[in-house]
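# Fold and geometry: a report
The primary structure of each chain is shown beneath.
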Amino acid sequence: MSNTSQFQQIASNLPNLAHLFRWFNRGRHLNRISEPVLWEELERNLDDYVAIFTALGFDLRLDGRGFAWFHQDDGSSNTNKATRQLALLFMVIFDTQADAGIPLMKFEHWRIDQTLLTTVFEQHQDLLEAEELDLSGLVSLMRTAENFGFARYDGGAWQLLPAVCRYLDHYEELASQVDQDEDVSWAGDQDDEDNSL
Amino acid sequence: MSSDYGFQQLVLLNSAGYERAELPLDESVSLIAPNNTGKTSLINALQYLLIIDKRHLDFGAHDKDKARRFYFPSNSSYILLEVTLPESGSVVLGCVGKGFSHDYAYFAYRGPLKIEEYRLDNGKLVTQPQLLEQLAQHGRTANFYSSTEFAEMVYGGARKQGQTSSEFTVFRLENRKDANAYRQVLTRTLRLDKLSSGEVKRHLLQIFSRQLPDSVVDFKQEWDKAFAEVNQDREQYRSARNQQTLIDELERQQEERLAIRGRIIARRPLIDDGLERWQNHYQTESKNLQHQHDKLQEQEADLLERDREQTRRQSELNQQLEALNKDEHRRRELENRLALINERSQLEQQLASTITERNRHIALLDNACGQPAPAIEHQLRRENQELSNLRKEQETLSDNLYLTLKQQISAEQLSILNRGLNRQLLTLPPGDYQLESQQLLQWLQDMPEDWFELPGLNLSVANQAPQYEQRSEKEVAQLIEDCRGRLRQLQEQKAATEQLDTQKKRTEELEQEVKSLEKDLEQFDELAQLQKSCPDRLKAMEAAKQELAEIEHAQKQAGALQQAFREQIQEVANQRQALDAEHQEIDGIRQNRGDTDDQFNWLADLPHTPWVGDPVLPLDQLAKTLRDYQRDCYQLKELDRELHHQRITLHSGGLTKFQYAPSPEEEIRLMVEFRHHLVREAEALEKKARSAVVTVTASLRDLRGNLQSFENAMHEFNRLISRRKLSDLKVFRIQPVHENHLVEAIDLLIQTAEKVESGESFELFNQSSVLDDRQLDYARQLLIDEGSARHGLKVADLFRLTFELAKENQDVESFDDIDSAASNGTVLMAKLVTGLAMLHLMQDKRRSVQALCYLDEALALDAANQRSLIKTASEFGFALMFASPSPLITAHYCVPIQQMSNGKNHISRKHWQILQPLETVEA
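Bear in mind that the values here come from a model prediction, so they are computed numbers and not experimental data. (Residues numbered from 1 in each chain as written. Chains lettered and ligands numbered in written order. Predicted model: local features only at pLDDT ≥ 70, side-chain atom pairs only at ≥ 80, totals over all residues. Heavy atoms only, no water.)

## What to know about the overall build of chain A
- Summing up its helical and strand segments, chain A has nine helices and five strands in all.
- Shown N-terminal to C-terminal, the secondary structure of chain A runs as helices and strands in the order α-α-β-α-α-β-β-α-α-α-α-β-β-α.
- Counted over contacts in chain A with a minimum sequence separation of 6, partners at least 24 positions apart contribute 60%.
- With an accessible surface of roughly 11000 Å², chain A has 49% of that area assigned to carbon and sulfur atoms. (Helix = DSSP H or I, 4+ residues; strand = E, 2+ residues; numbered from the N terminus. Contact = heavy atoms within 4.5 Å. Areas by Shrake-Rupley, 256 points an atom, 1.4 Å probe, with all protein chains shown as cover.)

Written as C-alpha cells, this is what we have:
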C-alpha cells in the first residue's frame, strides 16, 4: 500500500514516465545524442525510474556511453529474428568500413547512405542473399535499426547511434572468446604435449 | 595522528532509545554491539547537529517525522557534541527536544561538556524551557538558535551581530559555497555504504566547482547571440545577391531620378522666368506679326487691284485694237470690193433704176396676189363660156327659137316655157313637180299658167326667171367686149399668177440688188470714211500695242511680286501659327504644370545630380525646354512611384537591412552601395562568421578548459586517494571519461575557431565556408540539443566518472558503478576513502578540526585495511568509527553498548576501553 503510494508520488514527478516506458517497452534504445531531453530526464531521475521499472518487472540498463534500454535475457522469437538480422546488418557495415580502413569506434560519424549500403551489399552479397536480403531489404533493415534506436535518419542518411555499442561489445566478446578458445586449444595442445612428455 | 582540535565526544541523553550515551570521538572507535542495537541511531544523531538542514537529513528507511519522534521523545532529550576548536576551545553544540511536538531546538555554548550540568537537583534532566537558566547556573552562556543560524554558525556562515566570528564554527571550509556539498558528503560519511557513483560525481563537481567558474554554458544562446548578426547579415547578403538585377535597375532609376531632379532644379527658375517673359514676348511678337501680316495683305490687295486695272485696260486695249484691226481689215476689203467704182453717182443711178424695176414688180405682185391662179383659171373658163354664149347669141340674134316662139306662142306661154326650161329646173324639190309621163304631152296643151307642163310632168315656173332674154346687138356686142376685156385681164392675171414665184424671186433679187446697192453705197461712204481715218487708226493701233506690251510686262512682274507677297504672308502666317501653337502649348503646360506637387518645392533638398546644362533659357527654346521639363516632372513622379515599388519588392525579397535608414533615398543609396560591395560583403560576412565562431567557442573553450581543470583536479584527487593502499587494490582511481560526442563537438568547434583565427584553412573565397560546414553544423546542433535538454551545458555534462580498479597483476577495469567494482569490503573502503578525500578537499587545510567518520559492518575489513583506513581518515582529518558486533582491535577506543533492564541503551564513559600498543603502555 505504502509502496504503491510512494510510486504514485514518484511517478507524478516524472512527466515523461509513460513516454519512456513505451519507448523502452518497444525494445527501443534511448540514445543520449538523439534524445538529449529524454536522456537528461532519465539521468536526473535514474533511481526513480529504475525503481519503478524494476517494480514493473523490467530491467532498465543504462550504459555510460550514452544509451539505455530494457534488458531482456530471452527475447521473443520476433525480437530474436530482428536482433539477428540487425546483428548481420551491423556486422556487414562494420566489416565494410573496417575494410575501407575507417576507425570503427567513430561509427557515430558515419553517413550510412544509399552509396554506402550499395557498397556494403556488393561486398557481402552472398552472405546477405543467404539471409534473403537484397539491397532494399538492407535499407528496410536500416529502418528497423532506426525503430530500435540503433540509428537515426538525418539529412538523407542514417547515422549509427551509441546503442550499436551493444552489438560491438558482443562482437568483441565473441572475438575474445574465439581468441580464448584458440588459446585454450593451443594451451590444451601444449598440455597434451606436456602430457605426452 | 590525531588532531589537537576536533570532535571530542557525543552525548545522547534520553534520546534514540539511549538513556545516556557518551561516545568518544577524538580517536578511532570500535563501537561494539549486536546488530540492531542502535549503533547507527547513535551516529545518525549527529546529523541533527552537523547536517542541520532538515531537507538533507537522511535516516535511511525511516522517515524524518519518525526519526524526530525517536530522537526527541521529550523536552529533556538531548544530543550534545563537544568540539574543541582552535579559536574558542571547547564548545558544546546541542539539540534539545521541545516536548510534545517532538520538535527540537539548537543551542550552543562554550564547553566543556559536563553532563552533570544538565541534571537538576532532583536528579532529573533539565527540560528545554529551563535549559538556558540551568546552564547559566553553571556559568555557561548558552543561546538558542534557529536551524539556519545554527547551520551558519557551524559552517562559518554569515556572522550575527555582536557575535565573535567563528566562535562555534566547526567546519571551516575553503569555500562557503561548499557548505551544502560538505554537509551532503558528511551525511554520507555517517553512512558511507550508501555513497553512490552519481553522488561522488556530483560532490566532486561541487567541490571543484569553485575552480570552474561560471560553468554553465547555454550554447544555443551563445550561438544565437554570436550568430544573430551574422545570420541577419547573411540573409541580407543573400537577398541582395538574389535581387541583384532588381537593385541594378533600382540604381539605374535612382541615377535617372537624381539626374532628372538636378535638371528640374536647374530649370525650374529658368522656366519660371521664361514663362513670365513669354507672355510679353508673345503679345509683342503676335502684334508684330499681325501688323506684318496686315501690311503684306494690304500690299497684296494693292497689287491685285493694280493688276485688275491693268487686265481691264488690257482687254480694253485688245478690244480697241481688234476694232481698229477690223476697221482696217474692212477698209482693205472694201477697197478690194469697190475697186471698180470710182464715183458715188454711178451707184446712185444704178440704185434708182433698180428701185423702179422693183416697184413695178411689186405692183404686179400686188395684183397677182388678189386671186389665186386656179380661181382665175376658173373665172377665165367661165368668161370664155360666157363669151361663146354671147357669140352664139350674137349669131342667132335674128333668127332664134325664142324669136320664133315669141311669134307663135303667147308671151305667157313663152314665159312659162322659158321658165320651165330653166337650167335650175331640174334642181326642183319633189313638191315643185308632178310627173305623169302620158300627160306630159297633154301638158303641153293643157299647161296651166306658170306651169311648165310636160307630159307627165307639171313644173311650177312661177318663181323662175325666164331663161332667156332677148338682147340687142349692141348690147350683145358690148357684153362680148366686156367679156373679152375681162378675159384678157384674166389671161394676164393668170400669166402673172403663173410667173408669180419668178416674179417674187425677181422682186427679191431686185430688192436684194437695191439693198446691195444701198449697201455698196453705204460701204462706199464707209470706205471713204475709213480711208479717211486710216492714218489715225494705224497710230492708235501702234499705241495700243505698245501699251499692251507694257501691261503684259507689268503683269508678269506683278505675278512674281504677288507670289512673293503670298509667300511672305504665308510665312508670317506660319510664324504666327507657330507662335500661337507655341503659346498654346506653353500656356497649356503652364496651366497644367507637372511640378505642382509639394516635393518640387524642396527638391533641392533632396539628393540630386547637379545639372551642367546652359544656365540661360532663350525664349525660343522655352516650349521645347518646357516640354522637356514637363516630361521630366512626370518622369520623376513615375520614377518615385517605381522606386517605391522596387523598394517594397526588395523588402519583400528580404532586403530589409536599410529599412530604417533616415530616408528612402538613403535606403536606396545604401542598397545600391551594398549591392556594389557584395563581394566585399561576402568577405566581411565570412569574417564575421569566423569571429562569431571564435566568440561562440570562447565559452566552449571555457567549458573545455573547465573540463581540463576538472581532470587535473581529479588527477590530484586520485593522488590523494591513492596515497594509501586500499585493500588489495593496486589501482583505485576515479576517472572522468568524456562524453565523446559532446567533447568532440566542442573540440571541433574550438579547432575550427583556431583555424579561423589563424586563417589556416578558411582562406578567403574558400568554398568551405564556416557557415556551410556540415560537420560544424552537426556539432552545433548537438550542443544546442544537449544544452537545451540540460538548460545549459555544464562541465558535468561533458564526462561521466568511472571507477578504475586493478588488483595486483591484473589489468585495470572500469566500472560505472562503484558498488559493482569489487568485494564489499573493498567497495566500502573505496567509498570511505573517496568520501573522506572529498571532505578533506573542502576543508580549510590551515585549520584542522578532526571530525568523525562512521563505517558500519566494519568486520568486512581485515585488520590491515582497518589500520590503513584509520590512518587515511586521520590524514584527512577524521576519526574513524567502526561499528561491528565484535570489537576491532585496530581502534583506539572500544565502546560497548549496554542494554539496560528498562530496555534502554546505555553507554557510559566508564565502559570505554582504550587500546594501546603494549610498548606505549609500558613506556
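## Considering the overall build of chain B
- Within chain B one finds 23 helices and 19 strands.
- Evaluated residue by residue, chain B yields a buried proportion of 45% over its 923 residues.
- Restricting to contacts in chain B with at least 6 residues of sequence separation, those with at least 24 account for 75%.
- When the accessible surface of chain B is summed, it comes to about 48600 Å², and 48% of that surface belongs to carbon and sulfur atoms. (Buried < 20%, exposed > 50% of the residue type's maximum accessible area, 1.4 Å probe, protein only.)

## Considering the pairing of strand 2 (residues 59-63) of chain A
Residue and element names in this part refer to chain A.
- Summarising the sheet, strand 2 and strand 3 (residues 67-71) pair through five bridges and their orientation is antiparallel. Residue pairing for strand 3: L60 is matched across the bridge by F70.
- The hairpin formed by strand 2 and strand 3 contains three residues between the paired strands, and G66 there has a positive phi angle of roughly 100°. (Pairing = 2+ DSSP bridges.)

## Some thoughts on the pairing of strand 14 (residues 851-855) of chain B
All names here are of chain B.
- Of all five residues that make up strand 14, five are buried, and the element is covered over most of its length.
- Residues A851, C853 and L855 of strand 14 are buried on one face, and the alternating residues L852 and Y854, pointing to the opposite face, are buried as well.
- As paired elements, strand 14 and strand 15 (residues 878-884) share five bridges and run parallel to each other. By the bridge assignment for strand 15, Y854 is matched with M881.
- Handedness of the crossover joining strand 14 and strand 15 through helix 22 (residues 863-876): right-handed. (Right-handed = clockwise from strand over helix to strand, strands pointing away.)

## Observations regarding the nonpolar core
Residues and elements named next belong to chain B.
- In this structure, Y48 and F171 are the most contacted members of the largest nonpolar core, which totals 154 residues.
- With 16 residues, the single largest contributor to this core is helix 18 (residues 678-722).
- Split by domain, this core shows at least three residues from each of two domains, domain 1 (6-189 + 859-920) and domain 2 (197-229 + 679-816).
- Aside from chain neighbours lying at most four places away, what touches F171 is F7, L50, V154, Y155, G156, Y182, L186, Q843, R847 and A851. (Core = buried A, V, L, I, M, F, W, Y, C linked by side-chain atoms within 4.5 Å. Domains from an automatic or database assignment.)

## Considerations on the sheet that holds strand 3 (residues 29-32) of chain B
All names here are of chain B.
- Judged by pairing direction, the sheet is mixed, and its five strands sit side by side in the order 14-15-3-16-19 without closing on themselves. What marks the edges here is a single partner per strand, and that holds for strand 14 and strand 19 (913-914).
- Where strand 3 and strand 15 come together, four bridges link them in parallel fashion. The partner of V29 across the bridge, within strand 15, is M881.
- Against the sheet, helix 21 (residues 824-842) contacts strand 14 and strand 15, and its axis sits at roughly 165° relative to strand 14. (Axes fitted to C-alpha atoms, helices over the stretch in contact; angles between N-to-C directions.)

## Things to note about the pattern of salt bridges
- In total, this model carries 62 salt bridges over all chains according to the counting rule given.
- Put simply, R669 of chain B and E673 of chain B hold a salt bridge, and the shortest N to O gap is 3.0 Å. Residue R669 of chain B and its partner E673 of chain B are located together in helix 17 (residues 664-676), separated by four residues, close to a single helical turn.
- Assessed through its relative accessible area of 33%, E673 of chain B is described here as partly exposed.
- Among the ionic contacts, a cluster of salt bridges with common partners joins R32 and E43 of chain A together with E739, E786, R790, D797 and R800 of chain B. (Salt bridge = Lys/Arg side-chain N within 4 Å of Asp/Glu carboxyl O.)

## Focus on unusual backbone geometry
- Of note in the backbone geometry, I52 of chain B takes a positive phi value of approximately 65° without being a glycine.
- Within the secondary structure, I52 of chain B sits in the loop between helix 1 (39-50) and helix 2 (64-71).

## Let's talk about the interface of chain B and chain A
- Taken residue by residue, the interface counts 14 residues in chain B and 16 residues in chain A.
- When the area that chain B buries against chain A is broken down by residue, the three leading residues are Y778, A789 and R790 of chain B, summing to 37%.
- Between R790 of chain B and E43 of chain A there is a salt bridge, with the nearest N and O atoms lying 2.9 Å from each other.
- Where chain B touches chain A, the interface holds nine residue pairs in polar contact (both at pLDDT 80 or more).
- Only helix 19 (740-758) and helix 20 (774-789) of chain B provide two or more residues apiece to the side of chain B that touches chain A. (Buried area = accessible area lost by both parts, 1.4 Å probe. Polar contact = N/O pair within 3.5 Å; in protein donor to acceptor, adjacent residues only side chain to side chain.)

## A word on helix 3 (residues 36-44) of chain A
- Buried residues of helix 3 of chain A: P36, L38, W39, E40, E41 and L42 of chain A, and no others.
- On its buried side, helix 3 of chain A packs onto helix 2 (17-25), strand 1 (30-31), helix 4 (46-55), strand 2 and strand 3 of chain A together with helix 20 of chain B.

## Thoughts on the environment of L869 of chain B
Residues and elements named next belong to chain B.
- Take L869: it is sitting in helix 22.
- For L869 and M829, which are 40 residues apart along the polypeptide, the C-alpha to C-alpha distance reads 7.3 Å.
- Those residues in contact with L869, other than ones at most four positions away along the chain, are M829, L832, V833, L855, L861 and L880.

## Quick word on the packing of aromatic side chains
Residue and element names in this part refer to chain B.
- Applying the stated rule across the entire model yields 37 aromatic pairs over all chains.
- Considering the side-chain rings of Y48 and F72, the 5.0 Å spacing of their centres and the 80° angle between planes classify their relative orientation as edge-to-face. Linking Y48 in helix 1 with F72 in the loop between helix 2 and strand 4 (78-85), this pair joins segments that are 24 residues apart in sequence.
- A relative accessible area of 0% places F72 in the buried class.
- Each residue in the set Y48, F59, F70, Y71, F72, Y104, Y106 and F150 is aromatic and connected to the rest through ring pairs, giving one cluster. (Phe/Tyr/Trp six-rings, centres within 6.5 Å; stacked < 30°, edge-to-face > 60°.)

## Observations regarding the sheet that holds strand 1 of chain A
All names here are of chain A.
- The strand order across the open sheet formed by three strands is 1-3-2, and the pairing between neighbours is antiparallel. Whereas interior strands pair on both sides, the edge strands pair on one side only; in this sheet they are strand 1 and strand 2.
- Most of the contacts of helix 2 go to strand 3, to which it runs at about 70°, and overall it touches strand 1, strand 2 and strand 3.

## Comments concerning the confidence of the model for chain A
- Mean pLDDT over chain A works out to 81, with 85% of the residues at or above the 70 mark.
- Across residues 184-197 of chain A, confidence stays below pLDDT 50; counting only partners more than four residues off in sequence or on other chains, it has two contacts. (pLDDT = per-residue confidence, 0-100.)

## Considerations on the packing of helix 8 (residues 244-337) of chain B against helix 15 (residues 500-591) of chain B
All names here are of chain B.
- For the pair helix 8 and helix 15, interaxial distance at closest approach is 3 Å and the crossing angle is 165°. It follows that helix 8 is roughly antiparallel to helix 15 by the angle criterion.
- Across the contact of helix 8 with helix 15, the residue classes tally to 29 nonpolar, 20 polar and 20 charged. (Parallel < 35°, antiparallel > 145°, perpendicular 65-115°, else oblique. Nonpolar A, V, L, I, M, F, W, Y, C, P; charged D, E, K, R; others polar.)

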